[in-house]
Amino acid sequence: MAVVRGVLFDVDDTLFDYSGSDEAGLLAHLEAEGLHDRMPGPAALALWREITRAEYARYTAGETTFAAHRCARVRRFLARLGQPGAEDMPDREAGAWFAGYTAHRDAARRALEGASAVLTEFAPRYRLGVVSNSSLPHQRGKLAAIGLLDYFGDALVCSEEHGEAKPAPGIFLAGCALLGLEPHEVAYVGNDHAVDAVGARDAGLHAYWLDRGDTGWGGTGEGAPAEGVRVIRSLTELPAALAAPAAPAG
């Protein structure tokens, strides 16, 4: 059985409560902008997240930049809310609107339950790092704000600087290299079944899918996570799960 010597983590909705801060930030910003009556809160949040997923996919595919995808999110969202001139909003104005949203979102930033405790437990036992589809300054700032950056030091790989995004094997292998370990010595933990867990498995790491929603399966069509993917429901389950890792693919 391969011995796990290092653990790489996803950030958003794995260590950091992105969904909670995103909801709080958007609703507070709509209130501040006088747009809260344009669409019921739950519908506005659903629309914002639909647009975010689409534009973030374009960013991770290399079709646009991190800053440009943010402006695109604002234009599309405000257009759907019926804001005059939204589709032609200059980058400066779209960026300012997004900055207002992020100010409200950042006020609600917090680590997810169990994150600090698990990292504290792991620090003496494992080499720790991060592999994220984002930009390095953005994720470093976020982890610093929620008190988790010191667990990782400089062992962070982000798609913006690396040049490719998860689930490409190379970005996972780059994370292993930063830890000074081979893929079969490293576990990866993330909340996205296909991008995080299957991607890590295919790169030869031990793959752990953080299924907080307890969906019971990974969208494979067979009603179970993909072969070689282990499921945990919370970060507090991770120490026991790592004590008996399954053999990684490859």
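Scroll up to find the structure.
Here the structure is a predicted model, which means the values were calculated and not measured. All residue numbers refer to position in the chain's written sequence, counted from 1. Totals for whole chains, interfaces and linings use every residue, but because this is a predicted model, local features are given only for residues with pLDDT of at least 70 and side-chain atom pairs only at 80 or more, for both listing and counting. Derived side-chain values reflect all non-hydrogen atoms in the structure, with water molecules and hydrogen atoms excluded from consideration.

Caption draft 1: Structural context of the environment of Gly25. Within the secondary structure, Gly25 is located in helix α1 (residues 18–32). Sequence separation between Gly25 and Arg109 is 84 residues; the distance between their C-alpha atoms is 9.4 Å. Contacts were defined at the residue level, with two residues in contact if any of their heavy atoms lie within 4.5 Å. Among all residues touching Gly25, those that are not within four sequence positions of it are Tyr101, His104 and Arg105. Secondary structure is summarised from DSSP: a helix means a run of H or I of at least four residues, a strand means a run of E of at least two, and numbering begins at the N terminus for each.

Caption draft 2: Quick look at helix α8 (residues 169–179). Accessible area is worked out with a 1.4 Å probe on protein chains only. A residue is then buried under 20% of its type maximum, exposed over 50%, and partly exposed in between. Considered for burial, the residues of α8 that qualify are Ile171, Phe172, Gly175, Cys176 and Leu179. Taken around the axis of α8, the buried residues stretch over an arc of 145°, which confines them to a single face. Against the buried residues of α8 lie β1 (6–9), β2 (127–132), β3 (156–158), α7 (159–162), β4 (186–190) and α9 (193–202). One or two residues past the end of α8 sits Gly180, with phi positive at roughly 75°. Working note: the arc is built from the helix axis to C-beta atom directions.

Caption draft 3: Seen up close, the side chain of Ser159. You can see Ser159 is positioned in helix α7. Using a relative accessible area of 7% as the deciding quantity, one classes Ser159 as buried. Beyond its immediate stretch of four places on either side in the chain, Ser159 contacts Tyr59, Ser132, Asn133, Ser134, Glu164, Ala165 and Ile171.

Caption draft 4: Local environment of the environment of Gln83. Looking at the secondary structure, you find Gln83 in the loop between α3 (66–80) and α4 (91–107). When neighbours within four sequence positions are excluded, Gln83 is seen to be in contact with Leu35, Arg38 and Leu78.

Caption draft 5: Representation of the sheet that holds β1. DSSP-based pairing: two strands are paired if at least 2 bridges between them are found. Strand order across the open sheet formed by six strands is β3-β2-β1-β4-β5-β6, with parallel pairing between neighbours. Each having just a single partner strand, β3 and β6 (229–232) make up the two edges of the open sheet. Between one strand and the next, the sheet's axes are offset by a mean angle of 25°, whatever the strand orientation. Note on geometry: axes are lines fitted to C-alpha atoms, helical ones only across the stretch in contact, with angles between N-to-C directions running from 0 to 180 degrees.

Caption draft 6: Representation of the packing of helix α2 (residues 41–60) against α3 in the model. Where α2 meets α3, the axes come as close as 9 Å, and the angle between the chain directions of the two elements is 150°. Read as a crossing pair, α2 and α3 show a hand that is right-handed. On α3, the residues touching Ala44, Leu47, Trp48, Ile51, Thr52, Ala54, Glu55, Tyr56 and Tyr59 of α2 are Phe66, His69, Ala72, Arg73, Arg76, Phe77 and Arg80. For any helix crossing, the convention is left-handed if the near helix is rotated counterclockwise from the far helix by under a right angle, and right-handed if that rotation is clockwise.

Caption draft 7: Local environment of the pairing of β1. Side chains Gly6 and Leu8 of β1 all project onto a buried face; the interleaved residues Val7 and Phe9 project onto the opposite face, where all are buried too. Where β1 and β2 come together, four bridges link them in parallel fashion. Residue pairing in the sheet places Gly6 in a bridge with Arg127 of β2. Across four bridges, β1 lies against β4 in parallel orientation. The partner of Phe9 across the bridge, within β4, is Val189.

Caption draft 8: The arrangement of the side chain of His206 in detail. Along the chain, the position of His206 falls in strand β5 (residues 206–210). In protein, a polar contact requires one atom able to donate a hydrogen and another able to accept it; more generally it is a pair of N or O atoms within 3.5 Å, and residues adjacent in sequence count only if both atoms are side-chain atoms. A polar atom in the side chain of His206 sits 2.9 Å from the backbone oxygen of His184.

Caption draft 9: Highlighting the packing of aromatic side chains. For Phe, Tyr and Trp, where Trp contributes only its six-membered ring, two rings pair if their centres lie within 6.5 Å, and the inter-plane angle classes them as stacked under 30 degrees, edge-to-face over 60, or tilted in between. The tally for this structure, following the rule as stated, stands at 11 aromatic pairs. Here Trp48 and Trp97 contribute two aromatic rings whose centre-to-centre distance is 6.2 Å and whose plane-to-plane angle is 50°, an arrangement assigned as tilted. Linking Trp48 in helix α2 with Trp97 in helix α4, this pair joins segments that are 49 residues apart in sequence. Residues Trp48 and Trp97 agree in their burial class; the two are buried. Considering the side-chain rings of Phe122 and Tyr126, the 4.9 Å spacing of their centres and the 75° angle between planes classify their relative orientation as edge-to-face. Accessibility assignment for this pair places Phe122 and Tyr126 in one class, buried. Of the aromatic side chains, those joined through ring pairs into one cluster are Trp48, Phe77, Trp97, Phe98 and Tyr101.

Don't take any of this as a statement about function, it's just geometry.
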